[in-house]
Amino acid sequence: MLTVAVEKTLGEFRIDARFDGESGATGLFGPSGSGKTSIINMIAGLMTPDRGRVVLDELVLFDSTARIDMPVAQRRIGYVFQEGRLFPHLSIKSNLDYGRWMTGFAADTAAFARVVELLDVGHLLDRRPGKLSGGERQRVAVGRALLMRPRLLLLDEPLASLDAGRKDDILPYLERLRDEAKVPIVYVSHDPGEVKRIASRVVRIEGGSVVATGGVELLGA
Amino acid sequence: MFDLSPQEWVAVQLSLRIAAVATVVALPFGIAIAYVLARKNFWGKSLLDALVHLPLVLPPVVTGYLLLITLGRRAPVGAWLAEHLGIVFSFRWTGAALACGVMAFPLVVRPIRLSIEAIDRRLEDASQTLGASGFWVFATTTLPLALPGIIAGGMLGFAKALGEFGATITFVSNIPGETQTISAAIYTLTQVPDGDRAAMQLVLVSIVISVAALVASEWLARRASARLHGV
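The sections below set out a description of the structure shown in this document. Here the structure is a predicted model, which is why all the values come from computation and not from measurement. (Residues numbered from 1 in each chain as written. Chains lettered and ligands numbered in written order. Predicted model: local features only at pLDDT ≥ 70, side-chain atom pairs only at ≥ 80, totals over all residues. Heavy atoms only, no water.)

1. Focus on the overall build of chain A
- A count of helices and strands for chain A gives seven helices and eleven strands.
- Expected size for 221 residues packed as a compact globule is a radius of gyration near 17 Å; at 17 Å, chain A falls within 12% of this value.
- Taken along the three principal axes of its C-alpha coordinates, chain A extends 45 × 40 × 30 Å.
- Here chain A holds 221 residues, and 55% of them are scored as buried.
- A total of about 9400 Å² of accessible surface is found on chain A, and carbon and sulfur atoms cover 49% of it. (Helix = DSSP H or I, 4+ residues; strand = E, 2+ residues; numbered from the N terminus. Rg over C-alpha atoms; globule rule 2.2 N^0.38 Å. Buried < 20%, exposed > 50% of the residue type's maximum accessible area, 1.4 Å probe, protein only. Areas by Shrake-Rupley, 256 points an atom, 1.4 Å probe, with all protein chains shown as cover.)

This is the structure:
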């Protein structure tokens with residue numbers, strides 16, 4: 001279980017967000033500019049909150065009163081960025097293996113094969129990121145995050161850079177990911193349709209704060 | 001094709017060795033300084049920046065003289081190095097390499113710094129979230145992404161070191177077989193009555209080396225940037 005309570009002032013903008021994430025997928029839903037990405041950056045450790053606490057399954061990632069701030073590299077939180085951010089100088093196979101190299105896990109060919117099959121990226125392994133389509137790139141980015149054996153998976157608008165037709169190609173992969181990977185997910189999006197398909201629980205963000213939490217019925221309004 | 005005397009061949013070999021050693025030794029320092037200048041903010045940063053660029057703006061003779069009065073055999077630092085570490089620069093080819101390295105340093109640092117500044121830092125964030133700590137982010141992401149700049153810096157440094165004359169001759173003189181590079185040999189030949197033919201030969205050799213280095217670096221740089229852009 002994920003517990004988030006973070007405060008951060010960014011110029012004029014103030015973030016003060018508290019919510020819990022359960023196993024399965026939690027949707028962080030709200031208009032663009034509402035602070036969703038900043039909130040998950042604070043979960044990942046890429047942004048430091050001014051005050052607050054982030055706890056994942058009894059592991060304290062951040063606690064301002066106890067002065068705990070676990071380095072990003074040690075958090076083992078898979079992050080799928082909006083623009084993929086694949087390493088341009090590495091092959092797709094090396095991109096997928098990167099997290100395992102850095103965390104020092106032994107090679108697990110079964111896990112590798114499973115992820116490659118789940119995301120259907122087997123035919124891309126020898127290529128480089130530059131020549132991939134947007135959808136392929138995002139599938140590889142998901143696989144790369146998954147293969148580092150994350151404690152939690154953050155997906156930040158993973159479909160935002162794709163055109164409408166492509167989105168429907170990727171969504172089934174994300175649904176399988178949610179059902180098969182057994183990693184809790186925080187799914188960030190401004191698109192109610194997307195969130196409805198992936199998340200069972202919704203946290204609604206507006207102006208840097210949580211305005212409602214509940215089921216997918218929150219998306220209808 | 002080239003009708004060089006043994007002594008002139010020695011000058012050619014020496015030039016190549018001195019330029020190669022100067023470049024190889026200057027590169028790690030150049031990468032470190034470029035990284036610090038590109039990424040860190042600290043008190044005295046503009047001073048460091050100025051210091052790095054100093055050999056570019058000072059007359060080479062001045063740089064050579066400064067090296068002589070600090071690292072010469074009787075100079076404080078030079079005497080200490082000779083006594084405690086057995087390192088002697090004055091009137092040795094190693095001193096020529098040092099002078100060339102110092103003169104080339106600003107040209108090594110600049111392209112590397114620019115290429116580090118151009119790196120998309122979000123890729124470094126991605127590599128952190130995948131478990132890479134500071135050193136590994138640098139080794140697996142920053143360094144390979146800066147490779148075109150490192151090649152350009154190495155190439156410029158090598159070219160500068162190959163042509164260096166003023167600082168070298170001031171610091172380690174013009175000793176055939178030890179510190180006499182192509183440039184110094186050509187200079188010597190132009191000072192003797194019938195040296196023109198031999199000087200011309202060395203000029204041709206020097207053109208061949210420079211063009212070869214240029215072509216090689218162009219090829220390397222193209223390969224490196226093709227790798228980065230996903231071909």
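2. Section: the packing of helix α1 (residues 6-39) of chain B against helix α5 (residues 93-117) of chain B
Residue and element names in this part refer to chain B.
- For the pair α1 and α5, the least separation of the axes is 6 Å and the interaxial angle reads 40°. In terms of axis orientation, α1 runs oblique to α5. Crossing geometry of α1 relative to α5 is assigned as right-handed.
- For the contact of α1 with α5, the per-class residue count stands at 22 nonpolar, two polar and four charged. (Axes fitted to C-alpha atoms, helices over the stretch in contact; angles between N-to-C directions. Parallel < 35°, antiparallel > 145°, perpendicular 65-115°, else oblique. Left-handed = near helix turned anticlockwise from the far one by under 90°. Nonpolar A, V, L, I, M, F, W, Y, C, P; charged D, E, K, R; others polar.)

3. Some remarks on the packing of aromatic side chains
- Taken as a whole, this structure holds five aromatic pairs over all chains when the rule is applied.
- Taking the centre distance of 4.0 Å and the plane angle of 10° together, the rings of A:Y79 and A:F81 count as stacked.
- A residue is classified by how much of its surface remains accessible, and A:F81, at 2% relative accessible area, is buried.
- Ring geometry for B:F135 versus B:W136: centroids 5.2 Å apart, planes at 75°, classification edge-to-face.
- Look at B:W136 and you get partly exposed, because its relative accessible area is 45%.
- In this structure, A:R85 packs its charged tip against the face of A:F81, placed 3.8 Å from the ring centre.
- Between the NZ or CZ atom of B:R17 and the centre of the ring of B:W93, over which it lies, the distance is 4.7 Å. (Phe/Tyr/Trp six-rings, centres within 6.5 Å; stacked < 30°, edge-to-face > 60°. Lys NZ or Arg CZ within 6 Å of the ring centre and 35° of its normal.)

4. Some points on the environment of B:G134
- Mapped onto the elements of the fold, B:G134 is located in helix α7 (residues 134-145).
- With 98 residues separating them in the primary sequence, B:G134 and B:V36 have C-alpha atoms 14 Å apart.

5. Considering the interface of chain B and chain A
- Taken together, the contact pairs 21 residues of chain B with 22 residues of chain A.
- For the pair chain B and chain A, the two sides together bury roughly 2000 Å², of which 65% comes from carbon and sulfur.
- Inspection of the chain B/chain A interface yields one salt bridge.
- Residue B:R122 pairs with A:E83 through a salt bridge whose shortest N-O separation is 3.4 Å.
- At the level of elements, α6 (121-129), α7 and α11 (196-228) of chain B are the ones that each hand at least two residues to the side of chain B that touches chain A.
- It is α6(B) that contributes the most residues to the side of chain B that touches chain A, seven residues altogether.
- Broken down by class, the residue content of the side of chain B that touches chain A amounts to nine nonpolar, nine polar and three charged. (Contact = heavy atoms within 4.5 Å. Buried area = accessible area lost by both parts, 1.4 Å probe. Salt bridge = Lys/Arg side-chain N within 4 Å of Asp/Glu carboxyl O.)

6. A short note on the nonpolar core
- Core analysis: the biggest nonpolar cluster contains 54 residues, and A:L2, A:L28, A:I40, A:I43, A:L152, A:L154 and B:I112 have the highest contact counts within it.
- Looking at this core element by element, the count peaks at six residues for α1(B).
- Apart from the residues lying within four places of it in its own chain, the contact partners of A:I43 are A:L2, A:V4, A:F19, A:V54, A:L61, A:R75, A:I77, A:L152 and A:L154.
- Among the nonpolar cores identified, the runner-up in size contains 39 residues, and A:V80, A:L86, A:V116 and A:L174 belong to it. (Core = buried A, V, L, I, M, F, W, Y, C linked by side-chain atoms within 4.5 Å.)

7. Considerations on α7(B)
- Compared with an ideal rise of 1.5 Å per residue, which puts twelve residues at 16 Å, α7(B) spans 16 Å between its outermost C-alpha atoms and is within 8% of the ideal.
- Among all positions in α7(B), only B:V137, B:T140, B:T141, B:T142 and B:L145 are buried. Considered in projection along α7(B), the buried side chains sweep an arc of 155° and stay on one side of the axis.
- Looking at the buried side of α7(B), the elements it contacts are α3 (92-103) of chain A together with α1, α6, α8 (147-163) and α11 of chain B. (Expected span 1.5 Å × (residues − 1). Arc of directions from axis to C-beta.)

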